[in-house]
Amino acid sequence: MKKLIVTTLLTLTLATSTLYGGNVNPFSTNTTAVASAATATNIKLSKPSISVNNRTSNCTNLNLSKVSGADGYKIYRSASKNGDYEYIGSTKNCNYKDTDVKGSKVYYYKAKAYKNVDGKKVNGKYSNKLCATPIVTSVKSNADIQKIIDSLTNKNTTTQTQTTTKPTTTTTKPTTTTKPTTSQSSQTYDSSYASQVLKLVNVERKKGGLSELTMSQALVAPANQRAKEIVQQFSHTRPNGTQWSTVLDEFNVKVQTAGENLAYGYNTPEAVVEGWMNSPGHRANIMNGNFKKIGVGVYKDSKGTVYATQLFSN
C-alpha cells in the first residue's frame, strides 16, 4: 500500500496530521479513499510484458511479467496480425496455457493486469503484441518452407516494460538519526524525479492563481535527509525522537513558516503529486500562498521503492 503523511509548521505553531491518525488532525481526510485511488492509479498505469515459453501444434504456453499489486491477468488473442483481439481467459499467476489452438496456425496475444478495488475490477494497459509461431518438427514441401518464412517475417519481438515496485508498509524500529550530509549518491537520489515534482506542483499552483515555487538548495539537503529517515520510520517524528522541523536547524536553515509532505511507494513524479493533490492536508501545503520555496527529497531503497519528501518555506 502506498502511504502519504502531512505536517505544517506555521510561525512557531506545530500541527501534525497523518493519514493513519495522529495527535492533532486539522484536516478531514478519507484514508481509505486515498489509498483506493492510489491503488487504482497504479494498476491503470501498469503494463505487463508477455513472452512465449513454448508453442506446439495444440498449445501455447505464455509467460507474463509480474505487475506489483495485481490480482491477476487477462489474456487476449487474435488470429491475424492486424485482427481484432478477443478475451480468452485469465490467470492469477504469471503463466497461461492456451489449448484452443490449431496446428501450424500463427496466433497473436496481448495481456493486461487487473485488480479488484472497492468491489470493482480496475484494468491496466495492454501489453506489447506477441506473435506465437508453432515449432515445426518436419518439412515436407517447398510450400511448408514458405509458410514458415512468411510467419517468421510477421513475428514481433517482445519488449520489457518497467513496472512499479511493490510498496512496503513495514517500518523498522526507530533508531538514531544518521548524520546529515549534503551529498547524495546517484543510486539513491534522482534529481530528474525531484525536478519533475517541482514542475508538476507549479502547474497545480498556476491553476490556483498562485505564484510558482522555486527550488531552494538550502531546503534540498534537509529534504534528502528526511527522505532517507522515513525509510526507517515513516512519520513526522524523526528516528531519534525529535520533530521533523529539527532537520532545518541541523542544516542551518532559518525560516518563519515551513511545511512538510511525505510519501512512499509512488514511484513516478506524476503518481506522487496526484496522491498529494488528492489529499486535503497535502494539497493545503502545496497550495499555500505563504510558501515561496521548496526542497524535494528523493530516496530509493534496495527494492526500488521511492521515498519522497517536500519541505516548504517562505
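This one's a predicted model, so the numbers in the text were calculated from it and none came from an experiment.

Caption draft 1: View of the overall build of the chain. Scanning the chain for helices and strands turns up seven helices and 14 strands. The buried share of the chain, reckoned over its 314 residues, is 46%. Expressed as a percentage of contacts within the chain between residues at least 6 apart in sequence, the contacts between residues at least 24 apart total 70%. Carbon and sulfur atoms make up 49% of the accessible area of the chain, which totals about 15700 Å².

Caption draft 2: Fine view of the sheet that holds strand S7 (residues 95-98). Reading across from one edge, S3-S4-S7 is the order of the three strands in this open sheet, with antiparallel pairing throughout. The sheet terminates laterally at strand S3 (50-55) and S7, the two strands that pair on one side only. Each adjacent strand pair in this sheet contributes to an overall mean axis angle of 25 degrees, direction not counted. Two elements, S3 and strand S4 (residues 60-64), share five bridges in a ladder whose sense is antiparallel. Looking at the pairing, Arg55 lines up with Thr60 of S4.

Caption draft 3: Representation of the pairing of strand S12 (residues 257-264) within the structure. Among the eight residues in S12, eight count as buried, and that is most of the element. Burial along S12 is two-sided: Thr257, Gly259, Asn261 and Ala263 facing one way and Ala258, Glu260, Leu262 and Tyr264 facing the other are all buried. As defined by bridge partners, S12 adjoins strand S14 (residues 306-313) across seven bridges and the pair is classed as antiparallel. Of the residues in S14, the one forming a bridge with Tyr264 is Tyr307.

Caption draft 4: Fine view of the nonpolar core. Tyr193, Val197, Leu213, Val272, Trp276 and Ile286 are the most contacted members of the largest nonpolar core, which has 22 residues in total. Going through the elements one at a time, helix H3 (191-207), helix H6 (269-277), strand S13 (293-300) and S14 are the ones with two or more residues in this core. Dropping the residues within four chain positions of it, Val272 is found in contact with Tyr193, Val197, Ala263, Tyr266 and Ala308.

Caption draft 5: Structural view of the pattern of salt bridges. The tally for this structure, following the rule as stated, stands at nine salt bridges. The residue Arg77 makes a salt bridge to Glu86 at a minimum N-O spacing of 3.7 Å. In this structure Glu86 comes out as partly exposed when scored by relative accessible area, which is 45%. Residues Arg238 and Glu250 are paired through a salt bridge, measuring 3.0 Å at the closest nitrogen-oxygen approach. Here Glu250 lies in helix H5 (residues 246-250) and Arg238 lies in the loop between helix H4 (217-232) and H5, a separation of twelve residues in the sequence.

Caption draft 6: H3, seen in detail. Along its 17 residues, H3 runs 25 Å from first to last C-alpha, staying within 8% of the 24 Å computed at 1.5 Å per residue. Looking at the buried positions of H3, the neighbouring elements they touch are strand S11 (214-215), H6, helix H7 (280-286), S13 and S14. Looking one or two places after H3, you find Gly209, whose phi comes out positive at around 75 degrees.

Caption draft 7: Seen up close, the confidence of the model for the chain. Here the chain averages 75 in pLDDT, while 69% of its residues score no lower than 70. Note that pLDDT drops below 50 for residues 8-32; the model gives that stretch 57 contacts with residues more than four away or on any other chain. Between residues 136-141, whose pLDDT stays under 50, and residues either more than four places distant or in other chains, the model counts four contacts.

Calculation notes
- Residues numbered from 1 in each chain as written.
- Predicted model: local features only at pLDDT ≥ 70, side-chain atom pairs only at ≥ 80, totals over all residues.
- Heavy atoms only, no water.
- Helix = DSSP H or I, 4+ residues; strand = E, 2+ residues; numbered from the N terminus.
- Buried < 20%, exposed > 50% of the residue type's maximum accessible area, 1.4 Å probe, protein only.
- Contact = heavy atoms within 4.5 Å.
- Areas by Shrake-Rupley, 256 points an atom, 1.4 Å probe, with all protein chains shown as cover.
- Pairing = 2+ DSSP bridges.
- Axes fitted to C-alpha atoms, helices over the stretch in contact; angles between N-to-C directions.
- Core = buried A, V, L, I, M, F, W, Y, C linked by side-chain atoms within 4.5 Å.
- Salt bridge = Lys/Arg side-chain N within 4 Å of Asp/Glu carboxyl O.
- Expected span 1.5 Å × (residues − 1).
- pLDDT = per-residue confidence, 0-100.

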